[in-house]
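One-letter residues, chain by chain:
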Amino acid sequence: MSNNVSLAIPQFGGPEVLTAVNRAIPSPSEEQVLIQVKAAGVNPIDAKTRAGLGWAAEHNQDKLPWVPGYDVAGVVVANGTNESKFDVGDRVAGMIGFPTEGGGYSQYVVADAGLLSTVPPSVPMVDAAALPLAGLTAWQALEHAQLQADDKVLILAGAGGVGHLAVQLAVRTGANVYATASPSNHDFLRQLDAKPVDYHQTHWATAHGEFDVLIDLVGGETGIDALASLRTGGRVVTVPTNTRDMITSAAAERGLKATGMLVEPNTWQTQRLLDMLDQGDLRIDIAAVYPLAEAAQAHVALEEGHTRGKRVLEMPSA
């Protein structure tokens, strides 16, 4: 173990600022493990922070260079002195360094063992790396919404990384699930047992009757327009933090119950999601896999929007 190539942000800016750096392989502290990373998930917060936006950027502005990445899947190669949850050679995945530390765009990372779950043998590392942050966001958004069987729910950006997982979890709950997407993704949503909504159409928010629950994964003007879809007393969970206050105040004016949320690590939920992948009860759609060196292309694609599923980086073998 000699190399530890990471992709860092030496200054905030466009995707081109991502720079390869060779850093020392870290040593795990008492409660940590050292992971040889096989794959790392790419999330909108990575691109947002790289551009200098949001609280993770604010927290790290005096600590650059900063290595993005909160989702990792890999193999345990060393244990801290107090760590007995995992053995060397175990396949693990989790959301690490959230919300401000990051570090996942690396060949080796240390992580608290308490943040990691076991990757079942049948689950590819790319799928495992794509799952934690998006899967937890989807799960926790539905929890915040107190989604019940027979609720009629509208999920914005239902074909996206978080959205397509939220759709599947909502369907499993027994809810009547509708989701917005471009027409090119409508068949995909039907495969997930959701009814597609074309947000390009005028009055799209009110074209399918009244909803009990809105899961807003878009925010901004789209999030505000979608409030018209809800019945009196309907519940809203809005995920994008930069427009949270705007959405919750607009919802309050309509007599709606609105909540903003920030995803939290939860290893039980992560393990359950990984086990569902293993059992074929959940599918994760991988839009593209990039070598670590091509992370800038992944960021460009992410910022163009309208991505179906998730983008993942594969690490060079050490």
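For the structure itself, look to the data block above.
Those residues of helix α10 (residues 295-304) that fall on the buried side of the exposure criterion are Ala295, Ala298, His299, Ala301 and Leu302. Taken down its axis, α10 places every buried residue within 165 degrees of arc, on the same side. Buried residues in α10 make contact with β1 (5-8), β3 (32-42), α1 (44-50), β14 (286-291) and β15 (310-314).

This part takes up a negative patch on the surface. There is a patch of like negative charges on the surface, built from Glu30, Glu31, Glu101 and Asp112. Note on placement: glutamate 30 falls in the loop between β2 (19-22) and β3.

Let us now look at the pairing of β3. Extensive coverage of β3 is indicated by the burial of ten of its eleven residues. With five bridges joining them, β3 and strand β6 (residues 108-112) adopt antiparallel strand pairing. Bridge pairing in β6 places glutamine 32 opposite aspartate 112. Here β3 pairs with strand β4 (residues 71-79) via eight bridges, running antiparallel. Paired with alanine 39 across the strands is alanine 73, a residue of β4. Here β3 runs beside β15; their pairing, made up of four bridges, is antiparallel. Each bridged residue has a counterpart across the sheet, and for alanine 40 the counterpart in β15 is leucine 313.

With that settled, consider the packing of aromatic side chains. According to the stated counting rule, one finds five aromatic pairs in the structure shown. For the ring pair tyrosine 178 and phenylalanine 211, a centre distance of 5.1 Å and an interplane angle of 90 degrees mean the geometry is edge-to-face. Taken together, the residues span a long stretch of sequence, with tyrosine 178 in strand β9 (residues 176-180) and phenylalanine 211 in strand β11 (residues 211-216) at a distance of 33 residues. Residue tyrosine 178 shares its accessibility class with phenylalanine 211, and that shared class is buried. By the ring-pair criterion, three or more aromatic residues cluster together here, those being Trp55, Trp66, Tyr70 and Phe98. Positioned above the aromatic ring of phenylalanine 211 is the side chain of lysine 152, whose terminal nitrogen or guanidinium carbon lies 4.7 Å from the ring centre.

So, about the pattern of salt bridges. A complete count under the given rule lists seven salt bridges for this structure. Here glutamate 303 makes a salt bridge to arginine 50, at a shortest N to O gap of 2.8 Å. Of this pair, glutamate 303 sits in helix α10 while arginine 50 sits in helix α1; the two residues are 253 residues apart in sequence, bridging distant segments of the chain. Residues arginine 190 and aspartate 187 are paired through a salt bridge, measuring 2.7 Å at the closest nitrogen-oxygen approach. Here aspartate 187 and arginine 190 lie together in helix α6 (residues 186-191), a separation of three residues that amounts to about one turn. Taking the relative accessible area as the measure of exposure, arginine 190 reaches 46% and is therefore partly exposed.

Where helix α4 (residues 132-144) meets helix α5 (residues 163-173), the axes come as close as 8 Å, and the angle between the chain directions of the two elements is 45 degrees. Considered as vectors, α4 and α5 are oriented oblique to each other. Two packed elements cross with a definite hand, and for α4 against α5 that hand is right-handed. Taken together, the residues of α5 that come into contact with α4 (itself represented by Ala134, Gly135, Ala138, Trp139 and Leu142) are Leu165, Ala166, Leu169 and Ala170.

Quick notes on the rules
- Along every chain, residues carry numbers that run from 1 in the direction the sequence is written.
- The model is predicted, so local features are restricted to residues of pLDDT at least 70 and side-chain atom pairs to those at 80 or more, both for listing and for counting; the totals for chains, interfaces and linings are taken over all residues.
- With hydrogens and water excluded, all non-hydrogen atoms of the structure serve as input to the side-chain values.
- Exposed residues in this analysis have more than 50% of their type's maximum accessible area, buried residues have under 20%, and partly exposed residues fall in between, with area computed by a 1.4 Å probe over protein chains only.
- Per the convention used, a helix needs a DSSP run of H or I reaching at least four residues, while a strand needs a run of E reaching at least two, with both numbered from the N terminus.
- The arc in question is the one traced by the directions running from the helix axis out to the C-beta atoms.
- We call two residues contacting when some pair of their heavy atoms lies within 4.5 Å.
- Residues with no salt bridge and a relative accessible area higher than 30% make up the patches, which join like charges within 9 Å and nonpolar side chains (Val, Leu, Ile, Met, Phe, Trp, Tyr) within 5 Å.
- For the area figures, the Shrake-Rupley method with a 1.4 Å probe applies, and any residue is considered shielded solely by the protein chains shown.
- Within this document, salt bridges are pairs made up of a side-chain nitrogen of Lys or Arg and a carboxyl oxygen of Asp or Glu, the two lying within 4 Å of each other.
- None of His or the chain ends enter the tally, which takes Lys and Arg as positive and Asp and Glu as negative.
- By convention, the charge on Lys lies at NZ, on Arg at CZ, on Asp at CG and on Glu at CD.
- If DSSP finds at least two bridges between two strands, the strands pair.
- Stacked, tilted and edge-to-face are the three classes applied to pairs of Phe, Tyr and Trp rings, where Trp contributes its six-membered ring and a pair requires centres within 6.5 Å; stacked means planes under 30 degrees apart, edge-to-face means over 60, and tilted covers the rest.
- Charge over a ring is defined by NZ of Lys or CZ of Arg lying within 6 Å of the ring centre and within 35 degrees of the ring normal.
- Note on definitions: angles span 0 to 180 degrees between N-to-C directions of axes, and those axes are lines fitted to C-alpha atoms, for helices only across the stretch in contact.
- What sets the label is the angle itself: under 35 degrees gives roughly parallel, over 145 gives roughly antiparallel, 65 to 115 gives roughly perpendicular, and the rest give oblique.
- Here a crossing is taken to be left-handed if its near helix is turned anticlockwise relative to the far helix by less than a right angle, and right-handed if that turn runs clockwise.

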